Amino acid sequence: EPEVTQTPSHQVTQMGQEVILRCVPISNHLYFYWYRQILGQKVEFLVSFYNNEISEKSEIFDDQFSVERPDGSNFTLKIRSTKLEDSAMYFCASRFGRGANNEQFFGPGTRLTVL
Amino acid sequence: AQSVTQPDIHITVSEGASLELRCNYSYGATPYLFWYVQSPGQGLQLLLKYFSGDTLVQGIKGFEAEFKRSQSSFNLRKPSVHWSDAAEYFCAVGAQDTDKLIFGTGTRLQVFP
């Protein structure tokens, strides 16, 4: 069964460093998402991406964040200068179509720890 | 603004017992409602969803949920819990005019033999 994959599973970085979190969505999917979950808190929407551009973003997704689909298979989330409060589990998701009856499929997540 | 509340942070049940996980939502229009499950080290897996029609929806793994508009609720139920159901359960709301899902804080289910 096709699935969304994410690498790495755990990333440790120093405050101020840049990190890139990688996701491989399901191959025929067209809509891509990043969510994050700070420990003990709810899963929060960050950004959605379609047709090589951001279609919606939350107020969390500020200038420190960017997304890219560099090669038609990977979907990346970059944090330019990490802060302590960026420590969280980051989930990638994808779906084929935009309608609500199209399920969002989630990856296993990348745990980011900023020291 | 859309929001989802899961009042129970942690629930413990015995294997074979029935289960109900509560979810309340706040949304102006008719919401799209979802339940996801997350096992340790795994991604979020969709259990079931409600868009319209029959208010009692069946999902995978023997779960069902009932949409009650008057109570703004979408509670998840299972008649007999198995040890493998131990996981974190998330209720979420979506809408036709947005891409994003709004999640609750989750309920951690522990199952005792």
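Relevant structure appears above.
Throughout, a residue's number is its position along its own chain's written sequence, starting from 1. Written order determines the labels here, with chains lettered from A and ligands numbered from 1. In keeping with the predicted nature of the model, local features appear solely for residues at pLDDT of at least 70, side-chain atom pairs appear and are counted solely at 80 or more, and the whole-chain, interface and lining totals rest on all residues. Excluded from the side-chain calculations are hydrogens and water; all other atoms, namely the structure's heavy atoms, are used.

Some remarks on the overall build of chain B
Secondary structure summary: chain B contains zero helices and 12 strands in total. The N-to-C order of helical and strand elements in chain B reads β-β-β-β-β-β-β-β-β-β-β-β. Radius of gyration (C-alpha) of chain B: 13 Å, near the 13 Å computed for a compact globule of 113 residues. Over its C-alpha atoms, taken along the principal directions, chain B stretches across nearly 45 × 30 × 20 Å. Only protein chains enter the accessibility calculation, which uses a 1.4 Å probe; a residue whose area is less than 20% of its type maximum is buried, one above 50% is exposed, and one in between is partly exposed. Buried positions account for 48% of the 113 residues belonging to chain B. Here a residue-residue contact requires only that any non-hydrogen atoms of the pair lie within 4.5 Å. At a minimum sequence separation of 6, the contacts of chain B that also span at least 24 residues come to 53%. Carbon and sulfur atoms form 48% of the exposed surface of chain B, whose accessible area is close to 5300 Å². Numbering goes from the N terminus for both helices and strands, where a helix is a DSSP run of H or I of at least four residues and a strand is a run of E of at least two. As defined in this context, the radius of gyration uses C-alpha atoms, and a globule is described by 2.2 Å times the residue total to the power 0.38. Accessible surface is estimated by sampling points in the Shrake-Rupley manner with a 1.4 Å probe; for residues, cover comes only from the protein chains shown.

What about the pattern of salt bridges?
For this document, the term salt bridge refers to a Lys or Arg side-chain nitrogen within 4 Å of an Asp or Glu carboxyl oxygen. Taken as a whole and assessed by the stated rule, the structure comprises six salt bridges over all chains. Here Arg36 of chain A and Glu44 of chain A are joined by a salt bridge, their closest N and O atoms 3.4 Å apart. Classification of Glu44 of chain A as partly exposed rests on a relative accessible area of 23%. Look at the salt bridges and you will find they share partners, linking Glu64, Glu66 and Arg77 of chain B into a network.

Things to note about the packing of aromatic side chains
Any pair of aromatic rings gets described here by the distance separating the centres and the angle formed by the planes. Geometry of aromatic contacts follows a simple scheme: Phe, Tyr and Trp rings, the Trp one being its six-membered ring, pair when their centres are within 6.5 Å, and the pair is stacked under 30 degrees between planes, edge-to-face over 60, tilted otherwise. According to the stated counting rule, one finds 20 aromatic pairs over all chains in the structure shown. Here Tyr35 of chain A and Phe106 of chain A contribute two aromatic rings whose centre-to-centre distance is 5.3 Å and whose plane-to-plane angle is 50 degrees, an arrangement assigned as tilted. Of this pair, Tyr35 of chain A sits in strand E4 (residues 31–37) while Phe106 of chain A sits in strand E10 (residues 105–106), and the two are 71 residues apart along the sequence. The two residues Tyr35 of chain A and Phe106 of chain A agree in class, both being buried. Aromatic ring contacts, followed pair by pair, group Tyr33, Tyr35, Phe45 and Phe106 of chain A together with Tyr32, Phe34, Tyr36, Phe51, Phe90 and Phe103 of chain B into a single cluster.

Some words on the sheet that holds strand E1 (residues 5–7) of chain A
Note: strands within a sheet are paired through backbone hydrogen bonds, in either parallel or antiparallel orientation. Residues and elements named next belong to chain A. The strand order across the open sheet built from four strands is E1-E3-E8-E7, with neighbouring strands paired in antiparallel fashion. Either end of the sheet is taken by a strand with one partner, and the two such strands are E1 and strand E7 (65–68). Averaged over all neighbouring strand pairs, the angle between strand axes comes to 20 degrees, with direction disregarded. Examined bridge by bridge, strand E3 (residues 19–24) and strand E8 (residues 75–79) share five bridges and lie antiparallel to one another. Across the sheet, the residue bridging to Cys23 is Phe75, located in E8. Note: two strands are recorded as paired if DSSP finds a minimum of 2 bridges between them. Lines are fitted to the C-alpha atoms to define the axes, a helix being fitted only along its stretch in contact, and any angle between axes, read from their N-to-C directions, falls within 0 to 180 degrees.

So, a nonpolar patch on the surface
Exposure above 30% relative accessible area and no salt bridge define the residues that can form patches, which grow by joining like charges within 9 Å and nonpolar side chains of Val, Leu, Ile, Met, Phe, Trp and Tyr within 5 Å. Nonpolar side chains collect at one region of the surface, where Leu30, Tyr50 and Phe96 of chain A lie side by side and expose about 280 Å² of accessible area between them. Topologically, Tyr50 of chain A is positioned in strand E5 (residues 43–50).

Observations concerning the side chain of Ser48 of chain A
The residue Ser48 of chain A is located in strand E5 in this model. The term polar contact refers here to a pair of N or O atoms within 3.5 Å; inside protein, the definition further demands a hydrogen-donor-capable atom paired with an acceptor-capable atom, and it admits residues adjacent in sequence only when both atoms are side-chain atoms. Polar side-chain contacts of Ser48 of chain A include one of 2.9 Å to the side chain of Ser55 of chain A. If sequence neighbours within four positions are ignored, Ser48 of chain A has contacts with Phe32, Tyr33, Glu53, Ile54, Ser55 and Glu56 of chain A together with Asp99 of chain B.

Overview of the state of the cysteines
All names here are of chain A. A pair of sulfur atoms, both from cysteines and within 2.5 Å, is called a disulfide here. Summed over the entire model, instances satisfying the criterion amount to two disulfides over all chains. Each disulfide pairs two cysteine sulfurs, and for Cys23 the partner residue is Cys92, the sulfurs being separated by 1.9 Å. Residues Cys23 and Cys92 are joined through a disulfide that is left-handed, its torsion about the S-S bond being -65 degrees. Here Cys23, found in strand E3, pairs with Cys92, found in strand E9 (residues 88–95); they are 69 residues apart in sequence, far enough to count as distant. In this structure, Cys23 and Cys92 share a single accessibility class: buried.

Overview of unusual backbone geometry
Cis peptide bonds are those with omega within 30 degrees of zero, and the linkage from Thr7 of chain A to Pro8 of chain A qualifies with -10 degrees. Take Pro8 of chain A: it is sitting in the loop between E1 and strand E2 (10–13). One non-glycine residue, Lys61 of chain B, lies in the positive phi region at around 60 degrees. Assignment of secondary structure puts Lys61 of chain B in the loop between strand E7 (56–58) and strand E8 (64–68). The exposure class of Lys61 of chain B is partly exposed, given its relative accessible area of 43%. One non-glycine residue, Ser72 of chain B, lies in the positive phi region at around 50 degrees. As for its position among the elements, Ser72 of chain B is in the loop between E8 and strand E9 (73–78).

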